[in-house]
Every structure is written in C-alpha cells, then in structure tokens.
Amino acid sequence: MRALTVRPGRPGSLGVEEVADPEPAAGELLVRGVALGVCGTDREIASGEYGRAAPGRDRLVLGHESLGRVAEAPPGSGFAAGDLVAGVVRRPDPEPCGACAHGEFDMCRNGRYRERGIRELDGYGAELWRLETGYAVRIDAGLSLAGVLMEPASVVAKAWEQIERVGARAWFEPRSVLVTGAGPIGLLAALLGRQRGLDVHVLDRVTDGPKPDLVRALGATYHSGAADDVCAAVRPDVVVEATGAARVVFDAIRGTAAYGIVCLTGVSTAGRSLTVDAGTVNRDIVLENDVVVGSVNANLRHFRQAAGALARADRDWLHRLLTRREPLERATRAFERSADDIKTVIMLEGGAH
C-alpha cells in the first residue's frame, strides 16, 4: 500500500512510498483511508523540527487528522463495514501517570505518551490503517469529507470544556466570546461558540478571501483591526486564542471583561521578544479574578463531543473550510501554503465527496 512518510529530524524526507500492509491484531478495525487533514504540526515534522519514529525505525507514517471507512470490524465491536471513523491521536504511557490511568491522557504529566503520526506511532496517512476500537469514533455519514475536521474539532471541544469547567468555579453565564485567528481551530471555535448561543467575534489579519464570509455565515462578527482595539470594543467574557502571536495573546489577557477566561490554543514561536508591563498584567488578572488556561490535544471524550458538534453543524459551511484537496500522489503539495488556504486535505481515496 501507499503511505505518506517522513524521516523525523531530516528536512526534505517527506514522500509517498510503498509500505507493508498493517498487521492484523485482535480487537482492531481495518480502515481504508479516505482523507487526511494537514496542519502546522505536520509541516513542522516535514521540515525536521519535530516528530519521532517508532523505536528501531527511521521512518514515520505521517498524519493525525484522520478520516477513514471501516473495511473490517470485529464482531460485537459496535462498528460495521462502511462506517466512517476518525482515530484518536494520543495513546497513554504504557506505565501511565495518574491522568493517563483515568483516561485523561491529553493531560499526561510524565510526557511519555505516544501519538499517531507524530510520536512513536505510525499515523493515518496511508491507504489502509489499523485502529483499536477503543480509540475509534464514528462519524455521521452525512458529513462525508467534512468528517476530516474531527481532530481539530476535538481540540476545540476540549478548549470549550476547559472554559466551562473553569467558569463553574462560580456563577458563569458568558454572553460574548472573541476568537483570535480564523484558521481551522479559530473557525471551529467560533462554530462551537455559536452553538452555545454566544455573541461571537472573530479577529484575523485578512480583509478578503473566504474567512470573513465564513464568519458572517455563522452569524458572527468579523474584525481585522488591532487586538487591543477589538477587545476594548467587545469586552469579551471569553477569549479563545488561536494565533500564538505574542502581542495578541497579551492584548487578549488584558482585554477581557471582569472574571474573564482566556483559553490559549495557539503555540507561540520561541525566540521572539516582547516588552510587556508584567505588573499590570498580574494586577488585572488578580483584581478581576481572570483566568488564563492552556489547552492542547484531546481525549476520547472530546472526540465524541466533536462528533456531536459537527453533526449539528451546517454541512455546506463545514465543506467550505476544506479549501484545497490534493491526491495522495501529489501529497507534498499539500504542505505548501496558499494565501486563501484554510484546511488542506490529502485525498487517500475517492469515496467521500
């Protein structure tokens, strides 16, 4: 079978090659890959900045944003041939920490977890893959190709869960949310905000292209000005930060309403200096009972929450996020950025439209 592979740590090693079919194992699904989403983590791995192959191997099958169709399912598994599924990315440490032992492996404390397509486990960028039934999530068949948004939607579902859990420390009835960044994470965060009945505002740098129209189609408000100006105008109860841009992060922290919650989902680039008045930031957080929380990855519960959120969403709107599709034989082109790209998808087969 064909698979998208890379030698972690070696720039320029990304390519499509023939690899052995996955070995069957008890309690696992055999899945035919339908599509694979490409994100910044994949690009970092392809550029040699990140990633780790399994012990004793130098190549890693890439891909963690999965969409597949079940080819074979164990009896009594709850899955059947033809089901659309996505695979959870992370697996707990074989000697789990307390969080991993309780199914919260997205919060692993010892750092010895493994991740499909990222760290020590082959990913979903192949024509065939095996998936443990306990890490498989069924996707509404009506979503078709938009089911490839499951993994980023799971990250957003976790972020909203964290926001709501923090808010539950006291009375919490947020009315407005500012999402900074209109990439896939930001747009999906806006979607889940609208599903919660909130007044949603989205900030991004661009003034044309698909992003402003996608935000407005949700019934949300699009902004392209400076973050501090937008915060001053909106005074959001919640901020979902999805850019990782240092200035935007600190403007968001300072710009919430009293008792505000800022959830950071964007990863900042290291080595860039920024001068901030740390004393004022600290004073504002303390005196207004504000909270800043980081959120990354997702566990099985969040994937199931994401499946529900996507099933409730407008299908046409979701498909508009998929701005570019590349066949597997031209997979490396999916790692080239285009100005109007939101989500680039590698097609592993032609079965979803």
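Going by the structure above, here's the rest.
The sections below set out a description of the structure shown in this document. (Residues numbered from 1 in each chain as written. Predicted model: local features only at pLDDT ≥ 70, side-chain atom pairs only at ≥ 80, totals over all residues. Heavy atoms only, no water.)

### Focus on the pairing of strand 3 (residues 28-38)
Burial analysis of strand 3 places 10 of its 11 residues in the buried class, which makes it a mostly covered element. Examined bridge by bridge, strand 3 and strand 10 (residues 128-132) share 5 bridges and lie antiparallel to one another. If you follow Leu 29 over to strand 10, its bridge partner there is Leu 131. Summarising the sheet, strand 3 and strand 5 (residues 65-72) pair through 7 bridges and their orientation is antiparallel. Bridged to Ala 35 within strand 5 is Leu 67. (Buried < 20%, exposed > 50% of the residue type's maximum accessible area, 1.4 Å probe, protein only. Helix = DSSP H or I, 4+ residues; strand = E, 2+ residues; numbered from the N terminus. Pairing = 2+ DSSP bridges.)

### Quick look at the sheet that holds strand 8 (residues 114-116)
What the 3 strands build is an open sheet, ordered 7-8-9; its pairing is mixed. Every other strand in the sheet has two partners, leaving strand 7 (90-91) and strand 9 (120-121) as the edge strands with one partner each. Relative to strand 8, strand 7 runs antiparallel, the two sharing 2 bridges. Across the sheet, the residue bridging to Arg 90 is Glu 115, located in strand 8.

### Section: the packing of aromatic side chains
On inspection of all chains with the given rule, the structure shows 3 aromatic pairs. Considering the side-chain rings of Phe 172 and Tyr 259, the 6.3 Å spacing of their centres and the 55° angle between planes classify their relative orientation as tilted. Of this pair, Phe 172 sits in the loop between helix 3 (150-167) and strand 12 (176-180) while Tyr 259 sits in the loop between helix 7 (246-255) and strand 16 (261-264); the two residues are 87 residues apart in sequence, bridging distant segments of the chain. For Tyr 259, a relative accessible area of 19% gives the class buried. The ring of Tyr 135 has Arg 91 lying over it, and the distance from NZ or CZ to the ring centre is 4.0 Å. (Phe/Tyr/Trp six-rings, centres within 6.5 Å; stacked < 30°, edge-to-face > 60°. Lys NZ or Arg CZ within 6 Å of the ring centre and 35° of its normal.)

### Description of the packing of helix 3 against helix 9 (residues 300-312)
Closest axis-to-axis distance for the helix 3/helix 9 pair is 8 Å, and the angle between their directions is 105°. Our classification of the angle between helix 3 and helix 9 gives roughly perpendicular. Here Met 150, Glu 151, Ala 153, Ser 154, Ala 157, Lys 158, Glu 161 and Arg 165 of helix 3 lie close against helix 9, whose contacting residues are Arg 301, His 302, Phe 303, Gln 305, Ala 306, Ala 307 and Leu 310. The residue inventory of the contact of helix 3 with helix 9, partitioned by class, reads 7 nonpolar, 3 polar and 5 charged. (Axes fitted to C-alpha atoms, helices over the stretch in contact; angles between N-to-C directions. Parallel < 35°, antiparallel > 145°, perpendicular 65-115°, else oblique. Contact = heavy atoms within 4.5 Å. Nonpolar A, V, L, I, M, F, W, Y, C, P; charged D, E, K, R; others polar.)

### Some points on the sheet that holds strand 4 (residues 60-61)
Spatial strand order, 2-1-4: 3 strands in an open sheet with antiparallel pairing. For this open sheet the edge positions go to strand 2 (15-18) and strand 4, each flanked by a neighbour on one side alone.

### What to know about helix 4 (residues 184-195)
Between the first and last C-alpha of helix 4 there are 16 Å, a value that for 12 residues agrees with the 16 Å anticipated at 1.5 Å per step. Along helix 4, the positions that sit buried rather than exposed are Pro 184, Gly 186, Leu 187, Leu 188, Ala 189, Ala 190, Leu 191, Leu 192 and Gly 193. A positive backbone phi angle near 80° is found at Gly 197, which sits one or two residues after helix 4. (Expected span 1.5 Å × (residues − 1).)

### Describing the nonpolar core
Nonpolar side chains tend to gather and get buried jointly when the protein is soluble and globular. Grouped together as the largest cluster of nonpolar side chains are 99 residues, with contacts concentrated most on Met 150, Trp 160, Leu 318, Phe 335 and Ile 346. The leading source of residues in this core is helix 3, at 8 residues. If sequence neighbours within four positions are ignored, Trp 160 has contacts with Val 177, Ala 189, Leu 192, Gly 193, Arg 196, Leu 198, Val 238 and Val 240. (Core = buried A, V, L, I, M, F, W, Y, C linked by side-chain atoms within 4.5 Å.)

### With respect to unusual backbone geometry
Excluding glycine, most residues fall at negative phi; most peptide bonds, likewise, are trans. A positive phi angle is found at Glu 120, which is not glycine, with a value near 70°. Structurally, Glu 120 can be placed in strand 9. A positive phi is found at Asn 289, a non-glycine position, where the angle reads about 55°. Structurally, Asn 289 is set in the loop between helix 8 (278-287) and strand 17 (291-294).

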